[in-house]
Structures are given as C-alpha cells and as structure tokens.
Amino acid sequence: MFLLWILGMFEWTPFYSNPMDSFFQGLVGACAISVVCNLMRVYYFIQTCSDSETESTQRSPSLGNNLSRDWRSALQFWSLTVLLSLVGSRVSSLIVLEFSLRAVSAWASAGLDANVRGLGMLLIQSQFSLGCGLSCTMAFLHQGAPHSSLSLFLAAALSWALAGVSHSLWLHVARLYPLHSTERYCGKCISLLTSGHTILTTLQRVVVLFFALATVASTATVYDHFLSQKDALKFWTPLTLCYTMLLVYIQEDQNRHAGSQSLLRTVVMRLGALLVLMLTVGHWTDVLHVLITFLGEAACLLPSQDLLQAVLKEEEDTQVSKYEPSSKTRESTRKSSFDER
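Remember, predicted model here, so these are calculated numbers, not experimental data.

*Asks:* An account of the layout of surface pockets is requested, with residue identities and associated values reported.
*Replies:* What the second largest pocket holds in volume is close to 600 Å³. Along the wall of the second largest pocket there are 26 residues; nearest its centre are Ala32, Leu134, Leu162, Val206 and Phe210. Elements supplying a minimum of two residues to the lining of the second largest pocket: helix 2 (19-51), helix 7 (127-141), helix 8 (148-183) and helix 10 (199-227). Per element, the largest residue contribution to the lining of the second largest pocket is 8 residues, and it comes from helix 10. Of the residues that constitute the lining of the second largest pocket, the class distribution is 22 nonpolar, 4 polar and no charged.

*Asks:* Provide a residue-level description of the environment of Ala174, including the pertinent values.
*Replies:* Within the fold, Ala174 resides in helix 8. Taking the C-alpha atoms as reference points, Ala174 and Ile46, 128 residues apart in sequence, are found 9.0 Å from one another.

*Asks:* Pulling in residues and values, what's your account of the packing of aromatic side chains?
*Replies:* One pass over the full model with this rule turns up 9 aromatic pairs. Consider the rings of Trp78 and Trp160, whose centres lie 5.8 Å apart with planes at 40 degrees: the pair is tilted. One end of the pair, Trp78, is in helix 4 (residues 70-86); the other, Trp160, is in helix 8, and 82 residues separate them in sequence. Clustering of aromatic rings is evident, with ring pairs tying together Phe23, Phe24 and Phe153.

*Asks:* Hey, could you go over the side chain of Arg41 for me, with residue numbers and the actual values?
*Replies:* Along the polypeptide, Arg41 turns up in helix 2. Relative accessible area serves as the criterion here: at 16%, Arg41 is assigned to the buried category. The contacts of Arg41, once residues within four sequence positions are left out, are Trp170, Pro303, Ser304, Asp306 and Leu307.

*Asks:* So what's going on with the side chain of Asn38? Which residues, and what values?
*Replies:* Looking at the element boundaries, Asn38 is found in helix 2. Residue Asn38 is classed as buried on the basis of its relative accessible area of 6%. Excluding residues within four positions of it along the chain, Asn38 makes contact with Ala163, Ser166, His167 and Trp170.

*Asks:* Just give me the short version of the pattern of salt bridges, but keep the residues and values in it.
*Replies:* Taken as a whole and judged by the stated rule, the model has 4 salt bridges. Of the charged contacts, one joins Arg41 and Asp306 as a salt bridge, the two residues approaching to 2.8 Å between their closest N and O atoms. Remark: Asp306 occurs in helix 14 (residues 305-340) and Arg41 occurs in helix 2; sequence separation between them is 265 residues. We classify Asp306 as partly exposed; its relative accessible area is 39%. Among the ionic contacts, a cluster of salt bridges with common partners joins Glu98, Arg270 and Glu297.

*Asks:* Tell me what's going on with the state of the cysteines, and back it up with residues and numbers.
*Replies:* Chemically, a disulfide is nothing more than a covalent bond linking the sulfur atoms of two cysteines. Scanning all chains against the criterion turns up 0 disulfides. Cys186 takes part in no disulfide bond, and the closest cysteine sulfur to it belongs to Cys189, at a distance of 3.8 Å.

*Asks:* Which residues make up the environment of Ala299, and what values go with them?
*Replies:* By the secondary structure assignment, Ala299 is in helix 13 (residues 284-301). With relative accessibility at 17%, the residue Ala299 sits in the buried group. Remark: the alpha-carbon pair of Ala299 and Ser79, spanning 220 residues in sequence, is separated by 7.5 Å. With near-sequence residues (within four places) excluded, Ala299 lies in contact with Gln76 and Leu80.

*Asks:* Explain helix 7 to me, using residue names and the numbers behind them.
*Replies:* Counted at 1.5 Å a residue, the expected span for helix 7 with its 15 residues is 21 Å, and the 21 Å between its end C-alpha atoms agrees. Along helix 7, 13 of the 15 residues are buried, which leaves the element largely enclosed by surrounding structure.

*Asks:* Summarise the packing of helix 7 against helix 10; cite the residues concerned and give the values.
*Replies:* Relative to each other, helix 7 and helix 10 sit at 60 degrees, their axes nearing to 9 Å. It follows from the interaxial angle that helix 7 and helix 10 lie oblique. Read as a crossing pair, helix 7 and helix 10 show a hand that is left-handed. Along the contact surface, helix 7 presents Ser129, Leu130, Gly133, Leu134, Cys136, Thr137 and Phe140, while helix 10 presents Phe210, Phe211, Leu213, Ala214, Ala217, Ser218, Ala220 and Thr221.

So, how was this worked out
Residues numbered from 1 in each chain as written. Predicted model: local features only at pLDDT ≥ 70, side-chain atom pairs only at ≥ 80, totals over all residues. Heavy atoms only, no water. 1 Å grid on protein atoms, 1.4 Å probe; cavity = no way out; pocket = protein on both sides within 12 Å on 5 of 7 lines; lining within 4 Å. Points joined across faces, edges and corners; volume = space filled by probe spheres on them. Helix = DSSP H or I, 4+ residues; strand = E, 2+ residues; numbered from the N terminus. Nonpolar A, V, L, I, M, F, W, Y, C, P; charged D, E, K, R; others polar. Phe/Tyr/Trp six-rings, centres within 6.5 Å; stacked < 30°, edge-to-face > 60°. Buried < 20%, exposed > 50% of the residue type's maximum accessible area, 1.4 Å probe, protein only. Contact = heavy atoms within 4.5 Å. Salt bridge = Lys/Arg side-chain N within 4 Å of Asp/Glu carboxyl O. Disulfide = S-S within 2.5 Å. Expected span 1.5 Å × (residues − 1). Axes fitted to C-alpha atoms, helices over the stretch in contact; angles between N-to-C directions. Parallel < 35°, antiparallel > 145°, perpendicular 65-115°, else oblique. Left-handed = near helix turned anticlockwise from the far one by under 90°.

Structure follows, in structure tokens:
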C-alpha cells in the first residue's frame, strides 16, 4: 500500500509515470557525463606533463588538493542524476536536436581539428546535452518493452561500472602519472604515455556516434509529440528558422569571446529561446523541464572550469607555436635582405 501511494504521487507531478525507469535513465546520462569529464581531465593532464617536467611537478600538489574534493564530484553526479531524471523526453529531444544543430554550425563555420579549441569547447558544452540524449534514447528504445525496468537497470549498472573505471583512472593518473611516466614501471601509465594523445579524438568519435543515435530517437520523439498534429508544420517552420538564425548568432558570438562567462551567456540565450518556444507551443510541464535544464547546464559547466582553462591554455600554446616559426622566418628574410644590401 505504501509503495502504491508513492507511485500514485507521480500521477499529478510533471515527471514520468514510472519514477524508477526515469531514475535509471538519469543515472545512465550522469555516468556518461562523468566518463567524458574524467577522460578529458586525463588527456589534458597528460598533455601538461608532456610539455614540461618542471611544470608537471609544480602542478601536481594543486591537483592533489583538487582530488581531496571528492564530495563535490559526488554531489555533482547525484544532482545530475536527479535533474536528468526529472527532464521529460519531449524537452530532452529538443535539447539534443538543438545541440546537434549548433555542433554542425560550429563545424561548418570554423572547422575542427584535434588541436583547436572547437573540439574541446564542444565536448565541454555537450555534457548535459549528452545526458539528455542518452536518457531520451533509452526511453525511446524501451518504449512499450515488457521488461523495460530490468533492461534499464542493466544499462545503469554497466554505465556505473564504466564511470567507476574512468574515475579510478583519473585518480591514478593525477596522483602517480608524473612518477610512473618517468620510471616506466606502470602498465596504465606506459599505455597512456604512448597513446594518451589519441584520447580526445577517440572521445570525439564516440560522442558523435552517441549523438547520431540520439538524433534519430529525438527526431521520432519530436514528430510524435509536436509535428504529428494538423497544420503543425505551418507553425513550426518559421519558429525553427528563427531558432536556427539565433544559434548561428550565438556561435559567432562565442567565437569572438572566450571564457566561462561566454559559455554561461550562451547557455542562457539558447535555453531562453527554448523556453520562449515552449511557452508558445508546449505544455506547462515542458516549461518546467526547460527551467530544470538551466540547473543541469549549471551543474555541468560550473565544475568544469579546470577543463575550460586547459582548453584555453592549449589554444594559446597552439597560437604561440604557430606564431614563432612565422616570426623566425620573417627575421631570417630580413637578415638575408640586409646582408645583400
């Protein structure tokens, strides 16, 4: 009776009718975000250590201090689990399509390499969208399944195991990689020393694959909930065009400015546009879910300041390395022309 009373409470709430399934979906999304962040931290720490041994030894105490803040990582993880569980599939599908459109726009306008800021910045911004994509995809795949709760539980258990492996790898690298990379007696650190530079590109391919699957599920969800009504295309077409123009403007503004303030301003602008869209064509539950996504984006971006600083530092180093050969070439040409005179 008590369990039935608890489940009955969700009939009037704006969330899923089965809270256990939505919790498992949110847990899968939070685990995916944790894996991405941990692997990115491993990559940038390895890059820092490979630049200079002196710099890595100077940075290791500060990283040790950061490792003492495990309670913050746990708080972020469970907060994201709850927030992703509360966001419905309608809003999650729109979040996924919006980020996919923005990523394609960024790729077309600037082009992406493994060494430019665009790749790292997109991975940082994709955290909550990736979680929404996985939760939406899981809901789409298990829609109408007879044993959906069991399948979602197995998926959550596998995701939990992967998140635990990535977190333990990050802890091992942050504590022992500067020592093990020089002594060369640790299998993990030797593997990272030889192939650690490919982590970011491999992570990019996996994230692109996840978003490709999530885009298919999101498109089907949006069609079922928004576009299947009569004369819906006449109303949605101008709104989609206006929203696309807004995304292009946001992308250009972000290319001009860098830093955490630019990321937060971009989040406010695009989610504000999505909020206006839901106020126009959505339900009151969709409006509430968009407001929850504000908290989710903040829970992803605010603890990722170290990743943002690492991306910006890598961009500065890339620009300096590109500038130095050109300046040396100019000096040599000037000297040769002076000698000829």
